[in-house]
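Spelled out, the chains give:
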Amino acid sequence: MDHQPTTSRTPWVVGITGASGTPYAAAVIRALLDGGEAVDLVVSRAARLTLLDETGQTFREAQWRTDVKAFIGRDAGDMVVWKENDFAAGPSSGSYPTGGMLVVPATTASVAGIAAGLSKDLIQRAADVTLKERRPLVLVLRETPLRRVTLRQMADLADEGATVLPASPAFYAGARDVQQLVDFVAGKALDAIGVPHTLYTRWTGELGAGRARTEALGA
Ligand SMILES: Cc1cc2nc3c(=O)[nH]c(=O)nc-3n(C[C@H](O)[C@H](O)[C@H](O)COP(=O)(O)O)c2cc1C
């Protein structure tokens, strides 16, 4: 699909699975590209449904540059898109250079598949490769409440070095709208892979609005 990767590319693999929270994926991809990073994108079949449901956006492989631009609100830049069932794709192999991988949002199904090493699609296979090559893997899980089996799988994945990062926005950064809450989660995902960003205002511990509020409470 329109890919001519060069040997100098070291992209971040981004897998979008069919959990609620596709705006998190848009924010992560936008921030990676804004930061000059390359992205290899894989969208699961179920994710196309949630994408359409939540944003009104289609994801058609034949015109992915147009659809991605509409989804993330900027040019797709240095991006390669791979089909979810393409096991010959670059990210299927450990010899294909990547910085690591983010699954955002991550379904419980994808977490289960990755934890069990099923590799039932390219997202699960690429995550498997990322773990075996000891590269950073970030799983932005979106489900609540959680079954015991999912909690166990999350613990197993954390033991293996993955960052399990539930889509859990914080309000202390002074969010005024939904996009700021989305950007907070996206920013935490980028923190986990060490990519600089300005997606949220960091807590500094200095006397600012947050500190003044806690001191006023005598905390
Ligand atoms: C509108 C919609 C919302 C969904 N939200 C979630 C969710 O938040 N978390 C989740 O784990 N699964 C959710 N699902 C179910 C997954 O899409 C389903 O388990 C699917 O098989 C996951 O496949 P995938 O991991 O290959 O994308 C949702 C499904 C739909 C249609």
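Residues numbered from 1 in each chain as written. Predicted model: local features only at pLDDT ≥ 70, side-chain atom pairs only at ≥ 80, totals over all residues. Heavy atoms only, no water.

## Thoughts on helix α3 (residues 64-72)
Taken together, the buried positions of α3 are Trp64, Asp67, Val68, Phe71 and Ile72. Buried residues of α3, viewed axially, fall in a sector of 115°; they line one side. The elements touched by buried residues of α3 are β1 (12-16), α1 (22-34), β2 (39-43), α2 (45-55) and β3 (79-82). Within two residues after α3, Gly73 carries a phi angle of roughly 75°, on the positive side. (Buried < 20%, exposed > 50% of the residue type's maximum accessible area, 1.4 Å probe, protein only. Helix = DSSP H or I, 4+ residues; strand = E, 2+ residues; numbered from the N terminus. Arc of directions from axis to C-beta. Contact = heavy atoms within 4.5 Å.)

## Some thoughts on the environment of Thr150
By the element assignment, Thr150 lies in helix α6 (residues 148-159). Judged by its relative accessible area of 5%, Thr150 is buried. Taking C-alpha positions, Thr150 is 22 Å from Val43, a pair spaced 107 residues apart along the chain. In contact with Thr150, other than residues within four places in its own chain, are Thr108 and Leu141.

## What to know about the pairing of strand β5 (residues 137-141)
Burial analysis of β5 places five of its five residues in the buried class, which makes it a mostly covered element. The two faces of β5 match: Leu137, Leu139 and Leu141 on one face and Val138 and Val140 on the other face are all buried. Inspection of the sheet shows strand β4 (residues 100-106) paired to β5 by four bridges, in the parallel sense. Paired with Met101 across the bridge in β5 is Leu137. As judged from the two bridges shared by β5 and strand β6 (residues 163-164), these two strands associate in the parallel manner. Within β6, the position partnered with Leu139 by the bridge is Val164. Taken together, β5, α6 and β6 constitute a β-α-β crossover, and its handedness is right-handed. (Pairing = 2+ DSSP bridges. Right-handed = clockwise from strand over helix to strand, strands pointing away.)

## Things to note about the side chain of Asp40
Looking at where Asp40 falls in the secondary structure, it is placed in strand β2. Judged by its relative accessible area of 0%, Asp40 is buried. At 2.9 Å, the side chain of Asp40 and the side chain of Arg9 are in polar contact. Of the polar contacts made by the side chain of Asp40, one reaches the side chain of Tyr96; its length is 2.6 Å. Ignoring any residue separated from it by four or fewer positions in sequence, one finds Asp40 in contact with Arg9, Pro11, Trp12, Val13, Val14, Val80, Trp82, Pro91 and Tyr96. (Polar contact = N/O pair within 3.5 Å; in protein donor to acceptor, adjacent residues only side chain to side chain.)

## Quick notes on the packing of aromatic side chains
The description of an aromatic ring pair uses the distance of the two centres, along with the angle that the planes make with each other. In this structure the tally under the stated criterion is four aromatic pairs. Ring centres 6.0 Å apart and planes at 85° place the aromatic pair Tyr172 and Trp203 in the edge-to-face group. Of the two residues, Tyr172 is situated in the loop between β6 and α7 (178-193) and Trp203 in the loop between α7 and α8 (209-216); the sequence distance between them amounts to 31 residues. Accessibility expressed as a relative area gives 43% for Tyr172, which makes it partly exposed. Looking at Trp203, the relative accessible area reads 47%, which means it is partly exposed. Ring plane angle 50° and centroid distance 4.9 Å describe the contact between Phe184 and Tyr200, whose orientation is recorded as tilted. Taken together, the positions of Phe184 in helix α7 and Tyr200 in the loop between α7 and α8 put the pair 16 residues apart, joining distant regions of the chain. (Phe/Tyr/Trp six-rings, centres within 6.5 Å; stacked < 30°, edge-to-face > 60°.)

## Some remarks on the side chain of Glu84
Looking at the secondary structure, you find Glu84 in the loop between β3 and β4. Although Glu84 lies buried, it forms no salt bridge, and the closest oppositely charged side chain, Lys120, sits 5.3 Å away as judged by the N-O distance. Of the polar contacts made by the side chain of Glu84, one reaches the backbone nitrogen of Arg45; its length is 3.2 Å. Ignoring anything within four residues of it in the chain, the contact list for Glu84 reads Val42, Val43, Ser44, Arg45, Asp121 and Leu122. (Lys, Arg positive; Asp, Glu negative; His and termini not counted. Salt bridge = Lys/Arg side-chain N within 4 Å of Asp/Glu carboxyl O.)

## Section: the packing of α1 against α7
Contact geometry of α1 with α7 gives a least axis separation of 9 Å together with a crossing angle of 55°. Looking at the two axes, α1 sits oblique to α7. In the crossing of α1 with α7, the sense of the turn from one axis to the other is right-handed. Note on element contacts: α7 touches α1 through Gln179, Leu181, Val182, Asp183, Val185, Ala186, Ala189, Leu190 and Ile193, opposite Pro23, Tyr24, Ala27, Val28, Arg30, Ala31 and Leu32. For the contact of α1 with α7, the residue count by class is 13 nonpolar, one polar and two charged. (Axes fitted to C-alpha atoms, helices over the stretch in contact; angles between N-to-C directions. Parallel < 35°, antiparallel > 145°, perpendicular 65-115°, else oblique. Left-handed = near helix turned anticlockwise from the far one by under 90°. Nonpolar A, V, L, I, M, F, W, Y, C, P; charged D, E, K, R; others polar.)

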